[in-house]
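# Commentary on secondary and tertiary structure
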Amino acid sequence: MHMLFAQRIRIARVENGLLQKQLAIALDIDIPMYSRIERGDRQAKKEQVILLSDILHIDRDELLSLWIADKINAVIEEDPKIANKALKMIIDNRKIWK
(Lines give C-alpha, C1' and ligand atoms only; values in the text may rest on other atoms or scores of the structure.)
Protein backbone atom coordinates (compact mmCIF):
# COMPACT_ATOMS: atom_id res chain seq x y z
CA MET A 1 0.00 0.00 0.00
CA HIS A 2 1.23 3.46 -0.82
CA MET A 3 1.10 5.71 2.21
CA LEU A 4 1.31 9.14 0.67
CA PHE A 5 -0.16 10.93 3.69
CA ALA A 6 2.06 9.14 6.22
CA GLN A 7 5.22 9.81 4.21
CA ARG A 8 4.34 13.48 3.81
CA ILE A 9 3.73 14.14 7.50
CA ARG A 10 6.84 12.22 8.56
CA ILE A 11 9.03 14.24 6.19
CA ALA A 12 7.41 17.51 7.26
CA ARG A 13 7.78 16.64 10.95
CA VAL A 14 11.49 16.00 10.52
CA GLU A 15 11.95 19.14 8.39
CA ASN A 16 10.22 21.18 11.11
CA GLY A 17 12.41 19.66 13.82
CA LEU A 18 9.46 18.26 15.73
CA LEU A 19 9.20 15.05 17.73
CA GLN A 20 6.35 12.57 17.42
CA LYS A 21 5.59 13.35 21.06
CA GLN A 22 4.97 17.02 20.23
CA LEU A 23 2.51 16.16 17.47
CA ALA A 24 0.77 13.56 19.63
CA ILE A 25 0.24 16.19 22.32
CA ALA A 26 -1.06 18.69 19.75
CA LEU A 27 -3.54 16.09 18.43
CA ASP A 28 -4.49 15.02 21.97
CA ILE A 29 -3.55 11.38 21.34
CA ASP A 30 -0.86 9.15 22.78
CA ILE A 31 2.53 8.74 21.13
CA PRO A 32 1.95 5.13 19.95
CA MET A 33 -1.26 6.24 18.23
CA TYR A 34 0.53 9.08 16.47
CA SER A 35 3.33 6.70 15.48
CA ARG A 36 0.78 4.36 13.87
CA ILE A 37 -0.65 7.28 11.87
CA GLU A 38 2.82 8.28 10.70
CA ARG A 39 3.63 4.68 9.70
CA GLY A 40 0.35 4.42 7.80
CA ASP A 41 -0.99 1.70 10.10
CA ARG A 42 -3.89 3.90 11.17
CA GLN A 43 -5.93 6.57 9.39
CA ALA A 44 -5.97 10.05 10.86
CA LYS A 45 -9.31 11.75 11.36
CA LYS A 46 -10.14 14.67 9.08
CA GLU A 47 -9.86 17.13 11.97
CA GLN A 48 -6.39 15.78 12.73
CA VAL A 49 -5.35 16.19 9.10
CA ILE A 50 -6.40 19.84 9.17
CA LEU A 51 -4.54 20.44 12.43
CA LEU A 52 -1.43 18.70 11.09
CA SER A 53 -1.49 20.87 7.97
CA ASP A 54 -1.36 23.97 10.18
CA ILE A 55 1.31 22.65 12.55
CA LEU A 56 3.54 21.25 9.78
CA HIS A 57 3.01 24.18 7.39
CA ILE A 58 1.60 21.97 4.64
CA ASP A 59 -1.06 23.29 2.30
CA ARG A 60 -4.40 22.04 3.65
CA ASP A 61 -5.70 20.94 0.24
CA GLU A 62 -2.49 19.03 -0.46
CA LEU A 63 -2.62 17.12 2.81
CA LEU A 64 -6.34 16.41 2.56
CA SER A 65 -5.83 15.18 -1.01
CA LEU A 66 -3.08 12.78 0.11
CA TRP A 67 -5.29 11.57 2.97
CA ILE A 68 -8.22 10.91 0.61
CA ALA A 69 -5.92 9.26 -1.95
CA ASP A 70 -4.73 6.83 0.71
CA LYS A 71 -8.33 6.03 1.67
CA ILE A 72 -9.27 5.36 -1.96
CA ASN A 73 -6.12 3.32 -2.49
CA ALA A 74 -6.95 1.14 0.52
CA VAL A 75 -10.38 0.34 -0.91
CA ILE A 76 -9.35 -0.32 -4.51
CA GLU A 77 -6.41 -2.50 -3.49
CA GLU A 78 -8.94 -5.08 -2.37
CA ASP A 79 -10.02 -5.64 -5.99
CA PRO A 80 -7.37 -4.39 -8.42
CA LYS A 81 -9.20 -5.88 -11.42
CA ILE A 82 -11.93 -3.26 -11.23
CA ALA A 83 -9.89 -0.42 -9.71
CA ASN A 84 -9.16 1.35 -13.00
CA LYS A 85 -12.78 1.05 -14.10
CA ALA A 86 -13.99 2.47 -10.78
CA LEU A 87 -11.51 5.35 -10.92
CA LYS A 88 -12.58 6.17 -14.47
CA MET A 89 -16.21 6.23 -13.34
CA ILE A 90 -15.34 8.66 -10.56
CA ILE A 91 -13.50 10.96 -12.96
CA ASP A 92 -16.30 10.82 -15.53
CA ASN A 93 -18.96 11.54 -12.90
CA ARG A 94 -16.94 14.42 -11.46
CA LYS A 95 -16.99 16.03 -14.91
CA ILE A 96 -20.78 15.79 -14.92
CA TRP A 97 -21.07 17.28 -11.41
CA LYS A 98 -19.15 20.39 -12.38
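Below, the structure is looked at part by part. Note that the structure is predicted; figures quoted are calculated from it, not measured. (Residues numbered from 1 in each chain as written. Predicted model: local features only at pLDDT ≥ 70, side-chain atom pairs only at ≥ 80, totals over all residues. Heavy atoms only, no water.)

## Description of helix α1 (residues 4-15)
The condition that has to hold: Numbering of helices and strands runs from the N terminus, with a helix taken as a DSSP run of H or I at least four residues long and a strand as a DSSP run of E at least two residues long. One fewer than the residue count of a helix, multiplied by 1.5 Å, yields its expected span. To sort residues, take the accessible area from a 1.4 Å probe on protein chains only and compare it with the maximum for the residue type: under 20% means buried, over 50% means exposed, and anything in between is partly exposed. What the arc measures is the spread of directions leading from the helix axis to the C-beta atoms.
Relative to the 16 Å expected for 12 residues at 1.5 Å per residue, α1 spans 17 Å between its end C-alpha atoms, a close match to the ideal helical length. When we look at burial in α1, the residues that qualify are Phe5, Ala6, Ile9, Ala12 and Arg13. The arc that holds the buried residues of α1, viewed along the axis, is 140 degrees, so those residues lie on one side. Exposed side chains of α1 directed beyond 90 degrees from the buried face belong to Val14 and Glu15.

## Section: the pattern of salt bridges
In plain terms, the rule: The term salt bridge refers to a pairing of a side-chain nitrogen on Lys or Arg with a carboxyl oxygen on Asp or Glu at a separation within 4 Å.
What the rule picks out here adds up to 5 salt bridges. Among the ionic pairs, aspartate 41 bridges to arginine 39, the shortest N-O distance being 2.9 Å. A residue is classified by how much of its surface remains accessible, and aspartate 41, at 53% relative accessible area, is exposed. We classify arginine 39 as partly exposed; its relative accessible area is 44%. Taking the shortest distance from any N to any O, the salt bridge between aspartate 92 and lysine 88 comes out at 2.7 Å. With aspartate 92 and lysine 88 both in helix α6 (residues 80-97) and 4 residues apart, the pair spans about one turn of that helix. For aspartate 92, a relative accessible area of 28% corresponds to the partly exposed category.

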